[in-house]
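Understanding the architecture of this molecule
Each chain, written out:
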Amino acid sequence: MVLFQMMANYGRVSPKRFKKEMGKLYAFKHEVKNLQIRFPCFQDGHKWIVTHGFIKPGAQKKKGDWPDSEVARAEKIMAEYWARNKQAEQAAKDKGQ
């Protein structure tokens, strides 16, 4: 929670704890008892949308990439988010006419 609060308060977090990973996906990084935990996220204006969390394979620094299933899950959640936003914008537009 501290990482998320720092991002909310200051708009940035140490590159050691937050960085761009692939495409439009970024990740908050945290370590608990030598387990590397990742929280994929993406940006919508000034908001950061966290998709989910997972334990990085290898469970140690510099070992293993993101599993394809986790990348696919984050991309699916991101696509669903944008689709819902588009639907909501269209509904608001239709209601205003």
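Look a little higher up for the structure.
Residues numbered from 1 in each chain as written. Predicted model: local features only at pLDDT ≥ 70, side-chain atom pairs only at ≥ 80, totals over all residues. Heavy atoms only, no water.

1. Some points on the overall build of the chain
What counts is decided by this rule: Secondary structure elements follow DSSP: runs of H or I of four or more residues count as helices, runs of E of two or more count as strands, with numbering from the N terminus. Put simply, the radius of gyration uses C-alpha atoms, and a globule should come to 2.2 Å times the residue count raised to 0.38. Three labels apply to residues, based on accessible area from a 1.4 Å probe with only protein chains included: buried if under 20% of the type maximum, exposed if over 50%, partly exposed otherwise in between. Residues count as neighbours in contact if any of their non-hydrogen atoms are within 4.5 Å of one another. Each accessible area is a Shrake-Rupley estimate made with a 1.4 Å probe; only the visible protein chains count as cover when residues are assessed.
For the chain, the count of helices and strands is two helices and five strands. Starting at the N terminus and walking to the C terminus, you meet the elements of the chain as α-β-β-β-β-β-α. Taken over the C-alpha trace, the chain has a radius of gyration of 16 Å; the compact-globule value for 97 residues is 13 Å, which it surpasses by more than 25%. With the principal axes as the frame, the chain shows a C-alpha extent of 55 × 30 × 20 Å. When the 97 residues of the chain are sorted by exposure, 28% land in the buried category. Within the chain, residue pairs in contact and separated by at least 24 positions form 31% of the contacts whose partners lie at least 6 positions apart. Accessible surface, the chain as shown: approximately 7100 Å² in total, 54% of it carbon and sulfur.

2. Some remarks on the pairing of strand β1 (residues 18-22)
The line we're drawing: Two strands qualify as a pair provided DSSP detects at least 2 bridges between them.
Pairing of β1 with strand β2 (residues 25-32), which is carried by four bridges, proceeds in the antiparallel orientation. Bridged to Met22 within β2 is Leu25. Between β1 and β2, which follow one another and run antiparallel, lie two residues, and Gly23 among them has a positive phi close to 55°.

3. Overview of the pattern of salt bridges
For the record, the criterion: The working definition used for a salt bridge is a side-chain nitrogen of Lys or Arg within 4 Å of a carboxyl oxygen of Asp or Glu.
Tallying each qualifying case throughout the model produces two salt bridges. Where Lys47 meets Asp44, a salt bridge forms, and the shortest distance between an N and an O atom there is 3.9 Å. Residue Lys47 is classed as partly exposed on the basis of its relative accessible area, which comes to 46%. As a salt-bridge pair, Arg84 and Glu80 come within 4.0 Å of each other at their nearest N and O atoms. One end of the pair, Arg84, and the other, Glu80, are both in helix α2 (residues 68-96), four residues apart, so they sit about a helical turn from each other. Looking at Arg84, the relative accessible area reads 54%, which means it is exposed.

4. A short note on the nonpolar core
For soluble globular proteins, nonpolar side chains are generally found buried alongside one another. This is how the line gets drawn: What makes a nonpolar core is a set of buried Ala, Val, Leu, Ile, Met, Phe, Trp, Tyr and Cys residues whose side-chain atoms join them at distances within 4.5 Å.
Listed in full, the ten residues of the largest apolar core are Leu25, Ala27, Phe42, Ile49, Phe54, Trp66, Val71, Ala74, Met78 and Tyr81. For this core, the secondary structure elements donating two or more residues are β2 and α2. The element that contributes the greatest number of residues to this core is α2, accounting for four residues. Setting aside anything within four residues of it in sequence, one finds Phe42 in contact with Lys24, Lys47, Trp48, Ile49, Thr51, Met78, Tyr81 and Trp82. Counting residues in hydrophobic clusters, the runner-up holds six residues, among them Leu3, Val13, Phe18 and Phe28.

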